Amino acid sequence: MAGQKIDGIEVSNAVKEILKDAVKKLNSENVVPCLATVLVGDDPASATYVKNKHIACEKIGIKTKDHKLSADITQEELNKIIDKLNNDKEVHGILVQLPLSKQLDEFATISRISPIKDVDGLTPQNVGLLSMGKSILRPCTPSGIMEMFYYYKINLEGKNIVMINRSNLIGKPLYHLLLQNNATVISCHSKTDNLNEYCKNADVIISAVGDRSKFKLTSDMIKQDAIVIDVAISRHEGKLVGDADYDDIIQKASWVTPVPGGVGPMTVAMLLKNTVTAASLSKEIVG
Ligand code: GUN
């Protein structure tokens, strides 16, 4: 029997419905949640991601401020903009879209964001809190994946989970969240020997490679009834695809996320959630 789709659009809509009420409650307390985005350069994919984040915010009543900066901006100029947003009482969340231009220092940039406005959960303070199980603002893609597990009541306890990604945005934060749900987590990456062996033994595979010419997950590589979370999105032969061959994998897996319509919408939904949380935090601090 074929497996079931994990529908990121359905789950993200459920999250957004709850957030709409939370925004109304904040409004009644004279708080209008506000997200400021910073986009450096004119990479079309990054511009589309940021635009989609703005549209999603506006749909649920989150105000947005847009900062589009020239690709050759200096670190000093960027720092000044972040400082201004840190001090702007109207702004509750700050998102600096990654990657940055080559002359900029990603670590220095992210570290400059005030941790209570860090709706990406990427500042050293929030990364530390996450590793200790005490985080409030968590990275959006990993927390979106966890939200999908909770929504479909997929219990991770004792499960053997193979992740193929070790980035600060996905693999590392997800490692902590999975561990906190009592899973056994193996972090694989581009230098892992015998990756196929890990995949074959996994109850859950979370794949975020994003290059079909290097890696493609097919049904012969997974065990019967495995769960496959496909985080990747790339253009291949004119189509948007993930790492997994969805039509093939779903014949053997128990649950699979499609691309598009899987993890992507969840990333945006969790950004909205973090912004609403940051706005609520600001109220506790100010009022
Ligand atoms: N670039 C790709 N994904 C992300 C994300 O989740 N946050 C930021 N800031 N940049 C990204």
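Just above sits the structure.
Residues numbered from 1 in each chain as written. Predicted model: local features only at pLDDT ≥ 70, side-chain atom pairs only at ≥ 80, totals over all residues. Heavy atoms only, no water.

> Is there a simple way to think about the site of the ligand in this case?
Close to the ligand lie Leu95, Val96, Gln97, Leu98, Asp120 and Leu169. One nitrogen or oxygen atom from the main chain of Leu98 is found 2.9 Å from a nitrogen atom belonging to the ligand. Contact between the ligand and Asp120: a nitrogen atom at 2.5 Å from a side-chain N or O atom of the residue. Surface burial for the ligand is 82%, taken as the share of its 280 Å² of free accessible area covered by protein chains. (Near = heavy atom within 4 Å. Polar contact = N/O pair within 3.5 Å; in protein donor to acceptor, adjacent residues only side chain to side chain. Areas by Shrake-Rupley, 256 points an atom, 1.4 Å probe, with all protein chains shown as cover.)

> Got a minute to help me understand the side chain of His54 in this structure?
With respect to the helices and strands, His54 occurs in helix H2 (residues 44-59). Among the polar contacts listed, one links the side chain of His54 to the side chain of Thr37, at a separation of 2.7 Å. His54 has contacts with Thr37, Thr64, Lys65 and Asp66, leaving out every residue within four places of it along the chain. (Helix = DSSP H or I, 4+ residues; strand = E, 2+ residues; numbered from the N terminus. Contact = heavy atoms within 4.5 Å.)

> Whenever I open this one, the pattern of salt bridges confuses me. Can you help?
Side-chain pairs of opposite charge can arise where the charged atoms are in close proximity. According to the stated counting rule, one finds eleven salt bridges in the structure shown. Across the pair Glu17 and Lys20 runs a salt bridge, and its minimum N-O distance is 3.1 Å. One end of the pair is Glu17 and the other is Lys20, both in helix H1 (residues 8-28) and three residues apart, which spans about a single turn. A salt bridge links Lys25 to Glu29; the shortest N-O distance between them is 3.3 Å. Judged by its relative accessible area of 31%, Glu29 is partly exposed. Because the salt bridges share partners, they merge into one network encompassing Lys63, Lys65, Asp88 and Glu90. (Salt bridge = Lys/Arg side-chain N within 4 Å of Asp/Glu carboxyl O. Buried < 20%, exposed > 50% of the residue type's maximum accessible area, 1.4 Å probe, protein only.)

> Which parts of the structure should I look at to understand the sheet that holds strand S3 (residues 63-69)?
Strand pairing in a sheet relies on backbone hydrogen bonds, with the paired strands running either antiparallel or parallel. Reading across from one edge, S3-S2-S4 is the order of the three strands in this open sheet, with parallel pairing throughout. In this open sheet, the two strands that pair with only one neighbour each are S3 and strand S4 (93-96). On average, each strand axis in the sheet is inclined to that of its neighbour by 15 degrees, with strand direction left out of account. Pairing of strand S2 (residues 34-40) with S3, which is carried by seven bridges, proceeds in the parallel orientation. Residue pairing in the sheet places Leu35 in a bridge with Thr64 of S3. (Pairing = 2+ DSSP bridges. Axes fitted to C-alpha atoms, helices over the stretch in contact; angles between N-to-C directions.)

> Sorry, what's going on with the environment of Asn168 here?
Secondary-structure assignment places Asn168 in the loop between strand S5 (160-164) and helix H7 (171-180). For the pair Asn168 and Pro139, spaced 29 residues apart in the sequence, the C-alpha separation amounts to 9.0 Å. With residues near it in sequence (within four places) discarded, Asn168 still touches Leu122 and Pro173. Reaching out from Asn168, the side chain makes a polar contact with the side chain of Lys172 at a distance of 2.8 Å.

> Whenever I open this one, the nonpolar core confuses me. Can you help?
Within soluble globular proteins, side chains that are nonpolar generally end up buried alongside one another. Counting residues in hydrophobic clusters, the biggest one holds 48 residues, and the most contacted among them are Phe149, Leu156, Leu178, Ile206 and Ile229. Listing elements by their share of this core, those giving two or more residues are H1, H2, helix H6 (140-151), S5, H7, strand S7 (204-207), strand S8 (227-230) and helix H10 (263-286). Residues contacting Leu156, with those up to four places away along its chain left out, are Met146, Phe149, Ile161, Leu178, Asn181, Asn182, Ala183 and Val204. (Core = buried A, V, L, I, M, F, W, Y, C linked by side-chain atoms within 4.5 Å.)

> Any chance you could explain the pairing of S8 here in plain terms?
As a general feature of sheets, a regular strand has side chains that alternate between the two faces. The alternating pattern of S8 places Ile227 and Ile229 on one face and Val228 and Asp230 on the opposite face, and all of these are buried. Pairing between S7 and S8: four bridges, direction parallel. Paired with Ile206 across the bridge in S8 is Ile229. Examined bridge by bridge, S8 and strand S11 (residues 255-256) share two bridges and lie parallel to one another. When the bridges of S11 are listed, Val228 appears paired with Val256.

> Just checking my understanding: could you explain the environment of Ile222 for this structure?
Tracing the backbone shows Ile222 in the loop between S7 and S8. Separated by 27 residues in the primary sequence, Ile222 and Ile249 have C-alpha atoms spaced 8.1 Å apart. For Ile222, the residues in contact, after removing those within four places along its chain, are Cys199, Ile205, Leu217, Val228, Ile249, Lys252 and Ala253.

> Could you clarify how one ought to interpret the pairing of S5 in this entry?
Of all five residues that make up S5, four are buried, and the element is covered over most of its length. Sheet analysis places S5 next to strand S6 (residues 184-188), joined by five bridges and oriented parallel. Bridging from a neighbouring strand, Val162 pairs with Ile186 of S6. Regarding the hand of the β-α-β motif, the stretch spanning S5, H7 and S6 is right-handed. (Right-handed = clockwise from strand over helix to strand, strands pointing away.)

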